[in-house]
Amino acid sequence: MHIPNMIDLGHLPARQPGAGEGMLYVGQLEEQKGILTLLDAAAYVPRIPITIVGDGPLYDTIRDRIAKEGMTHVTMTGRLSLDEVYAHMQRARAMIVPSAGYDTFPTVALEAGALGRPVIASRIGGLPEIIVDEQTGILVTPQQPHALAEAMRSLAQHSDRAEQLGSAAVHHIRALVDPARHIQRLLAVYQERMRRSQ
């Protein structure tokens, strides 16, 4: 039996109404995080604003590629404070988590969902535990730019769908990481093991 992590989301700001605009990536700028796949996908959706928040070893590579390929719809902010990150989340249409490697339980996906923003993420690691495909967000095959671009296009074109997924995400995430439920799950595991040992 798998028990999700217990995480306090009480520090998050209030959810903002509306579907938001543009796509948002928050994280380290490194290959394992799938940032290069996001750039590849960005080339297919030149009318969708994409904001990249974070720093890392690929920062200069990404900046230079954006300039070289004329991706005027892609903006890099560098590293931001938590309050600034949350403000970006509140304004975004969706959060992008294009992981290329195993991500156990990425906090950024939890926080975005709790703020009512659907997450478009790779079907890898712990992400399918956080995102219910087509119910609270969209899961795509890792390192597949076309699939990622299509998911972004879908939510960019259908604000009502984005709002519906975001609303469902709020309830799903808060139930998933609720401390009381976490303790109940732990107790159930202990009780079952004790029963089996008798």
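Residues numbered from 1 in each chain as written. Predicted model: local features only at pLDDT ≥ 70, side-chain atom pairs only at ≥ 80, totals over all residues. Heavy atoms only, no water.

**Student:** Describe in detail the overall build of the chain, supporting the description with residues and values.
**Tutor:** A count of helices and strands for the chain gives eight helices and six strands. When the elements of the chain are put in sequence order from the N terminus, they spell out β-α-β-α-β-α-β-α-β-α-β-α-α-α. By the burial criterion, 48% of the 198 residues in the chain qualify as buried. A fraction of 73% describes how many contacts in the chain between residues 6 or more apart in sequence connect residues 24 or more apart. When the accessible area of the chain is evaluated, it comes to approximately 10100 Å², of which 50% is carbon and sulfur surface. (Helix = DSSP H or I, 4+ residues; strand = E, 2+ residues; numbered from the N terminus. Buried < 20%, exposed > 50% of the residue type's maximum accessible area, 1.4 Å probe, protein only. Contact = heavy atoms within 4.5 Å. Areas by Shrake-Rupley, 256 points an atom, 1.4 Å probe, with all protein chains shown as cover.)

**Student:** Let's hear about the layout of surface pockets: which residues, and what values?
**Tutor:** Volume-wise, the largest pocket comes out at about 220 Å³. Those elements giving two or more residues to the lining of the largest pocket turn out to be α3 (82-91) and α4 (107-114). Considered class by class, the residues forming the lining of the largest pocket number seven nonpolar, four polar and three charged. (1 Å grid on protein atoms, 1.4 Å probe; cavity = no way out; pocket = protein on both sides within 12 Å on 5 of 7 lines; lining within 4 Å. Points joined across faces, edges and corners; volume = space filled by probe spheres on them. Nonpolar A, V, L, I, M, F, W, Y, C, P; charged D, E, K, R; others polar.)

**Student:** Describe the pattern of salt bridges, naming the residues involved and giving the relevant values.
**Tutor:** Note on pairing: side chains with opposite charge can pair once their charged atoms come close. Tallying each qualifying case throughout the model produces nine salt bridges. A salt bridge links D133 to R123; the nearest nitrogen and oxygen atoms lie 3.3 Å apart. Of the two residues, D133 sits in the loop between α5 (127-130) and β6 (137-140) while R123 sits in the loop between β5 (119-122) and α5, which places them ten residues apart along the sequence. By relative accessible area, R123 is classed as partly exposed at 42%. What emerges from the salt-bridge pattern is a single network uniting D40, R65 and E69. (Salt bridge = Lys/Arg side-chain N within 4 Å of Asp/Glu carboxyl O.)

**Student:** Give me the sheet that holds strand β3 (residues 74-78): which residues, what numbers.
**Tutor:** Across the sheet, which stays open at both edges, the six strands sit in the order β3-β2-β1-β4-β5-β6 with parallel pairing between neighbours. Edge positions in the sheet fall to β3 and β6, since each has one partner strand and no second. Neighbour-to-neighbour, the strand axes of this sheet turn through a mean angle of 20 degrees, independent of strand direction. Helix-sheet contacts for α4 involve β1 (23-26), β4 (94-97) and β5, and the interaxial angle to β4 is about 165 degrees. (Pairing = 2+ DSSP bridges. Axes fitted to C-alpha atoms, helices over the stretch in contact; angles between N-to-C directions.)

**Student:** Provide a residue-level description of unusual backbone geometry, including the pertinent values.
**Tutor:** In this model, E134 sits at a positive phi of 65 degrees, which is unusual for a non-glycine residue. Along the chain, the position of E134 falls in the loop between α5 and β6. Using a relative accessible area of 45% as the deciding quantity, one classes E134 as partly exposed. A positive phi angle is found at Q143, which is not glycine, with a value near 60 degrees. Position of Q143 among the secondary structure elements: in the loop between β6 and α6 (145-157).

**Student:** Tell me about the pairing of strand β2 (residues 50-53), residues and numbers included.
**Tutor:** Burial along β2 is two-sided: I50 and I52 facing one way and T51 and V53 facing the other are all buried. Note: β1 against β2, four bridges, orientation parallel. Bridged to Y25 within β2 is I52. Between β1 and its parallel partner β2, the chain crosses via helix α1 (residues 35-42), and the hand of that crossover is right-handed. Sheet topology places β2 next to β3; four bridges connect them, and they run parallel. The residue of β3 that forms the bridge with I52 is M76. Handedness of the β-α-β unit built from β2, helix α2 (residues 59-68) and β3 comes out right-handed. (Right-handed = clockwise from strand over helix to strand, strands pointing away.)

Purely geometric stuff here, so don't read any function into it on its own.
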